[in-house]
Amino acid sequence: MYGNAYVENTGNINSLTAGEDPVKLAEFEARIAAGEKIEPQDWMPKEYRRQLIRMIEQHAHSEIIGSLPEGTWITRAPGFRRKLALMAKVQDEVGHAQLLYSACETLGKSREDMINDLINGKSKYSNIFNYPAETWADSAVIAWLVDAGAIINQLTNSKGSYGPYCRALDRICAEESFHLKYGHDNVVFLATGTPKQRQMVQEALHRWWPPLMHFFGPSDKISQHTETLMKWKVKMASNDDMRQQFLDMYVPKIWDLGLTVPDPNLKKNETTGKWEYTEPDWEEFKRVINGDGPCNKERLAVRRMAEEKGRWVRNAILKKDAQYVAPLA
Amino acid sequence: MIIKSLDPRITRAGIDDESKDGIQQPMDQWHTYEVFQQKKRGTHHVHVGSLHAPDAELAVLFAKEQYARRGQCVNLWVVKTSDVFATEYEDEDIFTTTPEKKYREPEVYKVMDRIQAFKAKQNS
Ligand SMILES: [Fe+2]
Ligand SMILES: [Fe+2]
């Protein structure tokens, strides 16, 4: 998700366009309506910039933190080929973070400010990564289904209006197809293996189902706010639409393997074409995203340690004349 | 409290979850570089993105990791972002071909009518 599964930080602003020059705003909106991209040097409303910074930054943090639950399985991956593949996937995820940090920097927030805000808990990241990967089967379910959710979100957002974000997402989506196939391969291997392997993957799926249902965030409130963000192509689809797309694409593939998900009410309504399900526990979602989840502390502590232990390397190659400027595009 | 993890390596690292370590210093970011990639010989180098590096040599190394780790690259350029001099989108209209410059376009050169007329006159 990255883009939408967070508690919205809207402050107490009444309108996203308050105080903006009406002529410039009209030109800006006409450009977006015509399908053109906005580039860093272009005029943009303050709230467009702020919402995008928040969204891209959270997405970048999600890539970094998201590599941790899987990363812990590199040393314990069964077999050399899987070890290599998992290392490659984790490297991709960290690379995604770099691309996204760069895209966000073009909007005026420096990378060190973003990393500081992650470490001191000011910025959020995708809530799903606050849950632990207990077994190898969990890492398989993550690589298949969490990445599947991420792909739906990222493909949707890649049609958005901000040029640097769209270009980063295009690169990211190209790499995600490997993650998805690698994850599916691992799940299929376990699901078609020994009874013990089957049980492992079934249990992992049950553990990950509730966070997967949380992944796209609660239903959107219908508001002026949401409408403006959709008009500005910051938000490209409703959270419910993306969740429906996820269920439609992946529940049949799960059932196909004879696996179950822990929701007796899950079924496709053939008349409406929509999936029906038990409403996820949004109280738990809120509690975990606000810090009280099984792994929140560990995720940030590990991130902090990495920053601290890498500092001497950064200092060793630092040049005195280094002058920061924001990336161009 | 020391972090207790399902991953034995993290537990062994003995990380204090109250620590304030890791906050970035202002100079940690280095320069930014723009990266240009040539996918195969004979094609143009194309801008693919940017990165942070302390100097050009390391920028090339990072560019290889970030933008060329799946092959499909024969050459990379890195250019300091601050060395790029660019036009403004605001001045986009400087690129519009004005109507009186149509003589630059190939399709305004139409001679067939004239040739047909000439031939018809010759044969009459
Ligand atoms: Fe990713
Ligand atoms: Fe991925």
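The sections below set out a description of the structure shown in this document. (Residues numbered from 1 in each chain as written. Chains lettered and ligands numbered in written order. Predicted model: local features only at pLDDT ≥ 70, side-chain atom pairs only at ≥ 80, totals over all residues. Heavy atoms only, no water.)

Let us now look at the overall build of chain B. Assigned secondary structure in chain B consists of three helices and three strands. Its helices and strands in sequence order give chain B the pattern α-β-β-α-β-α, from N to C terminus. Here chain B has a C-alpha radius of gyration of 29 Å; the compact-globule value for 124 residues is 14 Å, and the former is much larger. Relative to its full complement of 124 residues, chain B shows a buried share of 30%. Residue pairs in contact within chain B that sit at least 24 positions apart in sequence constitute 37% of those at least 6 positions apart. Accessible area for chain B stands at about 9,300 Å²; split by element, carbon and sulfur atoms hold 56% of it. Charge separation in chain B, taken as the distance between the mean sites of 18 positive and 20 negative side-chain charges, equals 14 Å. (Helix = DSSP H or I, 4+ residues; strand = E, 2+ residues; numbered from the N terminus. Rg over C-alpha atoms; globule rule 2.2 N^0.38 Å. Buried < 20%, exposed > 50% of the residue type's maximum accessible area, 1.4 Å probe, protein only. Contact = heavy atoms within 4.5 Å. Areas by Shrake-Rupley, 256 points an atom, 1.4 Å probe, with all protein chains shown as cover. Lys, Arg positive; Asp, Glu negative; His and termini not counted. Charge placed at Lys NZ, Arg CZ, Asp CG, Glu CD.)

Let us now look at unusual backbone geometry. Look at Lys233(A): it is not a glycine, yet its phi comes out positive at around 55 degrees. On the accessibility criterion, Lys233(A) (26% relative accessible area) is partly exposed.

Glancing now at the coordination of the iron ion (ligand 1). Residues and elements named next belong to chain A. For the iron ion (ligand 1), the protein coordination sphere consists of Glu 63 (OE), Glu 93 (OE), His 96 (ND1) and Glu 176 (OE), at 2.1 to 2.6 Å. The distance between the iron ion (ligand 1) and the iron ion (ligand 2) comes to 3.4 Å, with Glu 93 serving as a donor to both metals. Taken together, the residues Glu 63 in helix H2 (residues 46-71) and Glu 93 in helix H3 (residues 80-105) connect sequence positions 30 residues apart. Glu 93 carries the same exposure label as Glu 63, and that label is buried. (Donors = N, O, S within 2.8 Å, 3.2 Å for Na, K, Ca; no water.)

This paragraph deals with the interface of chain A and chain B. At the junction of the two partners, chain A supplies 51 residues and chain B supplies 45 residues. Interface area lost by chain A to chain B is led by Glu112(A), Arg304(A) and Leu328(A), which between them contribute 13%. Across the contact surface, chain A and chain B share five salt bridges. Where Arg70(B) meets Glu175(A), a salt bridge forms, and the shortest distance between an N and an O atom there is 3.4 Å. Of all the secondary-structure elements, those providing two or more residues to the side of chain A that touches chain B are H3, helix H4 (111-119), helix H6 (163-191) and helix H11 (296-316) of chain A. Of all the elements, H11(A) adds the most residues to the side of chain A that touches chain B, at eleven residues. Within the side of chain A that touches chain B, the residues separate by chemical class into 18 nonpolar, twelve polar and 21 charged. (Buried area = accessible area lost by both parts, 1.4 Å probe. Salt bridge = Lys/Arg side-chain N within 4 Å of Asp/Glu carboxyl O. Nonpolar A, V, L, I, M, F, W, Y, C, P; charged D, E, K, R; others polar.)

The next thing to look at is the coordination of the iron ion (ligand 2). Residue and element names in this part refer to chain A. Surrounding the iron ion (ligand 2) are the protein donor atoms Glu 93 (OE), Asp 147 (OD), Glu 176 (OE) and His 179 (ND1), at 2.0 to 2.2 Å. Every donor counted, the four donor atoms about the iron ion (ligand 2) form angles of 82 to 169 degrees at the centre, which fits irregular coordination. Expressed as a motif, the donor residue spacing for the iron ion (ligand 2) is E-x53-D-x28-E-x2-H. (Tetrahedral: all angles 85-135°; square planar, octahedral: opposite > 155°, others 65-115°.)

It is worth spelling out the layout of surface pockets at this point. In this structure, the largest pocket spans a volume of roughly 1,200 Å³. Along its surface, the largest pocket is lined by 41 residues, and Ile64(A), Val94(A), Gln98(A), Arg303(A) and Glu307(A) are the ones closest to its centre. For the lining of the largest pocket, the secondary structure elements donating two or more residues are H2, H3, H4 and H11 of chain A together with helix H1 (8-13), strand S2 (46-53) and helix H2 (56-67) of chain B. Counting residues per element, the lining of the largest pocket draws most heavily on H11(A), which supplies eight residues. Tallied by class, the residues present in the lining of the largest pocket amount to 18 nonpolar, 13 polar and ten charged. (1 Å grid on protein atoms, 1.4 Å probe; cavity = no way out; pocket = protein on both sides within 12 Å on 5 of 7 lines; lining within 4 Å. Points joined across faces, edges and corners; volume = space filled by probe spheres on them.)

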